[in-house]
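# Report on the structure
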Amino acid sequence: MAFLKLEGITKYFGQVTAVDHINLSVERGEFLTLLGPSGCGKTTLLRMVAGFEVPNAGTIWLDDDDITHRPASKRPMGMVFQSYALFPHMTAEQNITFGMSIKRLPKDVMQQRCAELLKLVGLSDKGRSYPHQLSGGQQQRIALARALAVEPKVLLLDEPLSALDAKVRVTLRNEIRRIQQQLRMTAIYVTHDQEEALAISDRIAVIAKGKIEQLDYPEEIYSNPRTVFAATFVGTSNHLQGVVTFPAEGICQAEQYTLHIPPMPHLHTGDRVLVIVRPEGVTIQEANETIDSEANSATGNHITGVIELRTFLGPFTRFHVSIDEGKTFTADLPSQQARDYYVAQKVLLSFPPSACQVLPLDAREVEAEHLTEGEKV
Amino acid sequence: MTNRIVLALVILYLLLPLGATLVFGISNGNGIGFSSYQEIFSDHDFSATLLLSFELALASTVLAVVLITPTAYWVQLRLPQARPMMDFLALVPFAVPAIVMGFGLIEVYSGNNTLLSILSLGLVPLLSNPPFNVVNTPQLLVCAYVIVSLPFVYRPIDNSLRAINTKVLTEAAYSLGSGWWRTFLTVVLPNIWPGVISAALLTFSTAMGEFTLAELFGIYTFPIYLNVTGQNNAHKAASLTILSFLLTFLCVLGIIFLLRRRPGGAKQDERLDIVAIK
């Protein structure tokens, strides 16, 4: 049995289903991230694991123990909050030793462990400081040390970096990962930031409307999304809705474009699909350039358009290219190659079949995709 | 320059009546003397009523704070939907004059109303008859003072609870193994201390100076002694007022000292809070 197992966890708030029959297993020492937009139920799920909410249905197992109805104070969990939640009237040291004093550990043990934890989070000289004398990043490090001080079986982190500025966020997320790996701590991390989730996790559970859309390794979530939501929420992507015309050859028709996609023998002619292309899989050429032999092959995809927006993002430059009736296509080019292209220039966008991820669409998804098309393309 | 003039005028406005009272108290018609103070200190009623008022005020303060602080915390944490009701209850004593409440309490506890007996589940008859008779006793007066001071207790405590992130701090304490009471006493209470002190100070001064209820209940407290003295000896009453002012002033200083000694020190906004109370 998995170290932490959630079985059929459901939570209602009045008429709203916040968490809908979620099954999830977390292995010992694993770093699992719950990723999803605001209101998707990820924090509610974490709060049920912590014991702050009681599920309406389902069971939570920890190390073969049913802890579903155990109060939060009796669960071996450490929690790190978005707002740090340090006790303002206590010094950093007093905050860290608070949990240990409840366990009535000997004073010398508490002091020794406190010193170790302060060293672990790189704040050995801040033990006597009050929270209001520390920066946001330092406060969150102390909060992490405080949560680890009680030697929890599972560390729960509820959007711990959301209140911090961009640079501190990256540094601290690496610190959290380093400490988690060093201590081989089982951790559940909640975030709405897909970049953060991809960078830090062993596995990611993409959550939408109270359900897990996909539970997988970060590379798989990014490269092989299983649902339309997972594809659209994680990373930037271009979407083309089409109908399969030759499944074995990998050809589909998306409005006026005939697209070459990987062969899909399991699909049938007439099936509706969503073709997803990541911006880094698209190349740009001047529209009047002779298409080289490789790009001109029958299996390549080519779309012409006009550059609408050019955004410099450091190592690469992002182009928003208007392709048809207000639709835009996004392409990323290494910044050194991007110098030749400018706004209002007519360009040819190319992408090979291997850059296309294809998801079958059912009627409901066709409608949903149609409704949100503007946001996604 | 203008600011200084305005400041001087404000200080004069505040201190002139006090100065006049002080001078009136120590003048005995023929000159200046402290005979009125000697009279006061040798008057048995002075020490007896002051002590009684002090005891009543202290009991009311302790009861109000002990009742309201955990209740406000509980409402904030678990029953946020009950907050409008608490806000309403905290306003009722402003809307109902003390005299109405006094008559109401006397009527309830001295009558033999069957409907009231049933509605109170037998509590009113129990408290209206020996051996637990509370009619016109200091105990009932303490209960009445707690109700009168409800707005002054609930508001500052509720504001303090809202100012700190009560729910998250509580959850953080729970996740570290702390139970409800330990969380309340060691995490929440130290952080709402300024609000609790404000509440205590306001309740204490309300109870110390309350006249109407004590008069109706026939309990001889310090404000009633002050009133009786004022009718017979105006100089003595003026000196009593000065003594009463000094007592309050010492209380405020004591409170400020208490807050300054808090772990982490009083922060800027808390100091402002104290000034506002003053």
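These remarks concern the structure in this document. (Residues numbered from 1 in each chain as written. Chains lettered and ligands numbered in written order. Predicted model: local features only at pLDDT ≥ 70, side-chain atom pairs only at ≥ 80, totals over all residues.)

Ranked by internal contacts, the top residues of the largest apolar core, which has 150 residues, are Leu156, Ile188, Ala205, Val206 and Val275 of chain A. Per element, the largest residue contribution to this core is eight residues, and it comes from helix α3 (residues 44-77) of chain B. If we ignore the near neighbours within four places in the chain, the residues touching Val275 of chain A are Leu240, Gly242, Cys252, Ala254, Leu259, Ile261, Cys356 and Val358 of chain A. (Core = buried A, V, L, I, M, F, W, Y, C linked by C-beta atoms within 7 Å. Buried ≥ 20, exposed ≤ 12 C-beta atoms within 10 Å, placed from the backbone. Helix = DSSP H or I, 4+ residues; strand = E, 2+ residues; numbered from the N terminus. Contact = placed C-beta atoms within 7 Å.)

The next subject is the pairing of strand β14 (residues 272-277) of chain A. Residue and element names in this part refer to chain A. Counting buried positions along β14 gives five out of six residues, so the element sits mostly inside the fold. Pairing of strand β11 (residues 238-246) with β14 involves six bridges; the strand directions are antiparallel. Note on β14: the bridge partner recorded for Asn238 is Val277. Direction of pairing for β14 relative to strand β20 (residues 356-360): antiparallel, over a ladder of five bridges. Bridge pairing in β20 links Val277 to Cys356. (Pairing = 2+ DSSP bridges.)

On the side of chain B, 17 residues touch chain A, which itself brings 19 residues to the contact. Those elements giving two or more residues to the side of chain A that touches chain B turn out to be β6 (77-80) and α2 (92-102) of chain A. Taken together, the residues that form the side of chain A that touches chain B break down as 13 nonpolar, five polar and one charged. (Nonpolar A, V, L, I, M, F, W, Y, C, P; charged D, E, K, R; others polar.)

For the rest of this paragraph, the subject is the environment of Gly270 of chain A. Tracing the backbone shows Gly270 of chain A in the loop between β13 (257-260) and β14. Each residue touching Gly270 of chain A, except ones within four places of it in the same chain, is listed here: Val243 and Val244 of chain A.

Residues and elements named next belong to chain A. In this sheet, strand β17 (residues 316-324) lies alongside strand β16 (residues 301-312) in antiparallel orientation, the contact comprising six bridges. Bridging across to β17, Leu309 finds its partner in His320. Here β16 folds back onto β17 in antiparallel fashion, the turn holding three residues, of which Gly314 has a positive phi close to 85°. Bridge count between β17 and strand β18 (residues 327-334): eight bridges; the pairing is antiparallel. Directly across from Ser322, in β18, lies its bridge partner Thr328.

In this section: helix α4 (residues 136-149) of chain A. Taking 1.5 Å per residue, 14 residues should reach 20 Å; α4 of chain A reaches 20 Å between its end C-alpha atoms and fits that length. In the stretch just after α4 of chain A, Glu151 of chain A is the one whose phi turns positive, near 45°. (Expected span 1.5 Å × (residues − 1).)

Moving on, we get to helix α1 (residues 42-50) of chain A. In terms of residue burial, α1 of chain A counts as a mostly covered element, since nine of its nine residues are buried. Positive phi shows up at Gly51 of chain A, right after α1 of chain A, with a value of about 100°.

On to unusual backbone geometry, then. One non-glycine residue with positive phi stands out, namely Ala85 of chain A, at about 55°. Mapping Ala85 of chain A onto the fold places it in the loop between β6 and α2.

Time to look at the packing of α2 of chain A against helix α3 (residues 107-120) of chain A. The geometry of a pair of packed helices is captured by two quantities: the angle between their axes and the separation between those axes. Residue and element names in this part refer to chain A. Following both chains from N to C, one finds α2 and α3 inclined at 130°, their axes separated by 10 Å at the closest point. With respect to α3, the axis of α2 lies oblique. When you trace α2 past α3, the crossing you get is right-handed. Residues Glu93, Ile96, Thr97, Met100 and Ser101 of α2 lie in contact with α3, whose contacting residues are Met110, Arg113, Cys114 and Leu117. Broken down by class, the residue content of the contact of α2 with α3 amounts to five nonpolar, two polar and two charged. (Axes fitted to C-alpha atoms, helices over the stretch in contact; angles between N-to-C directions. Parallel < 35°, antiparallel > 145°, perpendicular 65-115°, else oblique. Left-handed = near helix turned anticlockwise from the far one by under 90°.)

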